[in-house]
Amino acid sequence: MRKVLLICLLLSTITSWSQTPWYELANNANATINEIEAAYNQQVKGLSEEKKAAYAKHFERWYAAIAPYILPDGHIQNRAELYNRNALITSHKQSPNGNWKEIGPFTARDIYRGVGRINCIAFHPTDSNIMYCGAALGGVWKTTNHGKTWEPLTDHIPNFFVTAIAVNPGNPDIIYAGTGDGNTETRYPGIGVWKSDDGGINWEQKSDLIGDQIVNDIIVHPDDNDRVIAAAHTGLYLSESGGNKWVRLNTGRFRELRIAPDNNDIIYASTNSTLLVSTDGGFRFTGKRLPRTPNPRLSIAVSAAEPTAIWLVSEQLVLKSDNYGDDIYEVLIGDGDRDLGGQSWYNTTAEGSPHKPGVLYQGHVPVYKTGNNGKTWKRLTNVHSDVHYMRHSPVTGRL
């Protein structure tokens with residue numbers, strides 16, 4: 001009887017997990033590689049060959065990245081262990097000597113070259129020459145000449161995958177980085193929030209509660225610079241001490257954070273399919289009722305040109321509120337005769353114009369723009385660019 005019960009429990013677990021998207025299951029420390037593979041096979045079952053190929057590309061890349069870390073029992077080594085292991089390896093390989101020069105090949109067929117994936121951009125609040133970008137595998141980079149040249153800031157830190165960067169508006173030398181690659185969900189793990197007090201020269205982990213998590217977004221409150229909010233794969237976190245201590249406000253897989261342009265007490269937070277709003281500067285968040293459920297991923301956008309408005313954007317749905325999210329209505333259902341690329345679970349972003357109301361930029365594989373609240377759309381790019389992030393500079397106003 002016990003054997004039968006155990007078999008039933010195992011079958012029940014496998015069945016329920018096979019109904020979970022593989023990229024979500026891969027974040028479950030209790031899931032084995034066989035269970036993740038089963039979930040993937042279930043997810044692509046019945047899809048066209050073209051759609052299967054799109055899913056296969058990301059799954060196989062993820063598998064190749066974690067294959068060396070699969071344990072004998074099928075579980076995957078946890079993120080903290082991975083970080084410590086790679087830190088040890090990196091320390092043994094470092095040397096003050098050596099003079100390396102790239103010698104090629106410099107041309108190749110049917111591939112992109114020299115276009116590493118950028119997950120985020122952050123701006124100095126007053127100096128347009130200083131910007132930061134976070135790379136999926138390459139860590140944090142900085143330019144001091146408006147993008148002419150860039151220097152890496154985190155090459156000495158192993159496994160420094162970056163999805164979020166926030167600059168302290170009161171002291172721009174203080175920078176926060178959210179680690180892990182939130183766009184691939186699982187392929188590149190996170191090691192929480194890291195902080196620099198000297199413009200990116202030195203970094204320290206500030207993740208007492210989220211040290212092994214992917215952090216998708218970070219904001220520093222404009223009125224209280226010690227108040228930091230992080231959107232992570234396991235919840236929404238608040239620090240009132242510049243990252244030294246964190247508390248979890250809400251559970252869930254949080255994606256994005258935005259502050260209302262005209263009211264710093266109103267802060268928006270989103271998961272893949274829900275919107276939460278804080279009206280007290282980030283201490284409490286409550287969910288908002290949406291007329292339809294976004295799928296497969298939700299991005300939020302605000303605009304200084306219409307500061308009480310918020311856009312909610314997914315591949316087949318655009319929603320909007322004109323009163324801080326209290327009343328949300330449908331702008332567009334379906335793709336609107338637009339070719340968005342079909343991989344919006346991987347790359348979805350949106351940005352409102354700070355110059356004119358009713359203007360929204362929507363990024364997926366290409367970028368589209370509407371200038372009349374979604375009535376008509378214009379395609380702005382014609383390359384397979386996988387747009388992950390769009391923001392206007394607070395200094396120049398350029399996108």
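Treat the numbers as computed from the prediction; the structure is a model and nothing was measured.

Summing up the model confidence of the protein, the mean pLDDT is 85 and the portion of residues at 70 or higher is 87%. Considering each helix and strand of the protein separately, the mean pLDDT is smallest for helix α1 (residues 2-18), with a value of 45, and largest for strand β15 (residues 275-278), with 98. Low pLDDT, under 50, characterises residues 1-15; the stretch is placed with one contact to residues that sit more than four places away or in other chains.

Once that is clear, we can look at the sheet that holds strand β4 (residues 151-152). Strands sit in the order β1-β2-β3-β4 across an open sheet of four strands; the sheet is antiparallel. Looking at the sheet topology across the chains shown, the edges are occupied by β1 (118-123) and β4. Relative to strand β2 (residues 131-135), β1 is paired through five bridges, and the arrangement is antiparallel. Looking at β2, one finds that I121 is bridged to C133.

Attention shifts here to the pairing of strand β21 (residues 349-352). The alternating pattern of β21 places T349 and E351 on one face and A350 and G352 on the opposite face, and all of these are buried. Here β21 pairs with strand β22 (residues 360-363) via four bridges, running antiparallel. Along β22, the bridge assignment pairs A350 with Q362.

Here we have four strands laid out as an open sheet, ordered β5-β6-β7-β8, and antiparallel in their pairing. Whereas interior strands pair on both sides, the edge strands pair on one side only; in this sheet they are β5 (162-167) and β8 (204-205). As paired strands, β5 and strand β6 (residues 175-179) are joined by five bridges and run antiparallel to one another. Looking at β6, one finds that V167 is bridged to I175.

Time to look at the environment of G242. Here G242 shows up in the loop between β11 (235-239) and β12 (247-251). Sequence-distant contacts of G242, that is, excluding residues within four places in its chain, are made with Y176, K195, D226 and V228.

In contact at an axis separation of 10 Å, helix α3 (residues 33-44) and helix α4 (residues 49-66) are set at 170° when each is read in the N-to-C sense. With respect to their mutual orientation, α3 and α4 come out roughly antiparallel. Residues I33, I36, E37, Y40, Q43 and V44 of α3 form the contact with α4, whose participating residues are K52, Y55, A56, F59, W62, Y63 and I66. When its residues are assigned to classes, the contact of α3 with α4 shows ten nonpolar, one polar and two charged.

This part takes up the packing of aromatic side chains. Each aromatic ring pair is specified by the distance between its two centres and by the angle formed by the two planes. All chains considered together, the criterion is met by seven aromatic pairs. Pairing W22 with Y40 gives two aromatic rings, centres 6.4 Å apart and planes at 85°, and the pair type is edge-to-face. A residue pair is termed long-range when its members are at least 10 positions apart, and W22 in helix α2 (residues 22-25) and Y40 in helix α3 qualify at 18 residues. Consider the rings of F59 and Y63, whose centres lie 6.2 Å apart with planes at 45°: the pair is tilted. With F59 and Y63 both in helix α4 and four residues apart, the pair spans about one turn of that helix. When its relative accessible area of 7% is taken as the criterion, F59 is described as buried. We classify Y63 as partly exposed; its relative accessible area is 30%. An aromatic cluster of three or more residues is present, and its members are W22, Y40, F59, W62 and Y63. Taking NZ or CZ as reference, R338 lies 5.7 Å from the ring centre of Y368, over its face. Between R391 and the ring centre of Y389, over which it is positioned, the NZ or CZ distance is 4.2 Å.

A cis amide bond links N295 to the next residue, P296, at an omega of 5°. Mapped onto the elements, P296 comes out in the loop between β16 (286-287) and β17 (299-301). Here the phi dihedral of Y324 falls at roughly 60°; this positive angle occurs in a residue that is not glycine. Note on placement: Y324 falls in the loop between β19 (317-321) and β20 (328-333). For N373, which is not a glycine, the phi torsion comes out positive at approximately 60°. Inspection of the secondary structure assignment puts N373 in the loop between β23 (367-370) and β24 (378-379).

This part covers the pattern of salt bridges. For the structure on display, the rule yields ten salt bridges. Between K52 and E49 there is a salt bridge; the shortest N-O distance is 4.0 Å. In this pair, K52 and E49 are both assigned in helix α4, three residues apart and thus about one turn of the helix distant. Of the charged contacts, one joins R258 and E351 as a salt bridge, the two residues approaching to 3.0 Å between their closest N and O atoms. Of this pair, R258 sits in strand β13 (residues 254-260) while E351 is found in strand β21, placing the two residues 93 residues apart along the sequence. Judged on exposure class, the residue R258 and its partner E351 are both buried.

Calculation rules
- Within any chain, residue numbers begin from 1 and follow the written order of that chain's sequence.
- Predicted model: local features are reported for residues with pLDDT of at least 70 only, side-chain atom pairs are reported and counted for 80 or more only, and whole-chain, interface and lining totals are derived from all residues.
- Side-chain metrics rest on all non-hydrogen atoms present in the structure, leaving aside hydrogens and water.
- Confidence scores per residue from the predictor, reported as pLDDT, run from 0 to 100.
- Numbering of helices and strands starts at the N terminus; helices are DSSP runs of H or I of at least 4 residues and strands are runs of E of at least 2.
- We call two residues in contact when some of their heavy atoms are within 4.5 Å.
- A pair of strands is treated as paired once DSSP finds two or more bridges between them.
- Think of it in three bands: residues with accessible area under 20% of the maximum for their type are buried, residues over 50% are exposed, and the middle band is partly exposed, with areas taken using a 1.4 Å probe on protein chains only.
- Here the axes come from fitting lines to C-alpha atoms, over the contacting stretch only for helices, and the angles between their N-to-C directions go from 0 to 180 degrees.
- Our angle categories are set so that under 35 degrees counts as roughly parallel, over 145 as roughly antiparallel, 65 to 115 as roughly perpendicular, and the remainder as oblique.
- Residue polarity is assigned by list, with Asp, Glu, Lys and Arg as charged and Ala, Val, Leu, Ile, Met, Phe, Trp, Tyr, Cys and Pro as nonpolar; anything else, Gly included, falls into the polar class.
- Side-chain rings of Phe, Tyr and Trp (the six-membered ring for Trp) are treated as a pair once their centres are within 6.5 Å; stacked means planes under 30 degrees apart, edge-to-face means over 60, and tilted covers the remaining angles.
- Our definition puts a charge over a ring when NZ of Lys or CZ of Arg is within 6 Å of the ring centre and also within 35 degrees of the ring normal.
- By definition here, a salt bridge exists when the distance from a side-chain nitrogen of Lys or Arg to a carboxyl oxygen of Asp or Glu is within 4 Å.

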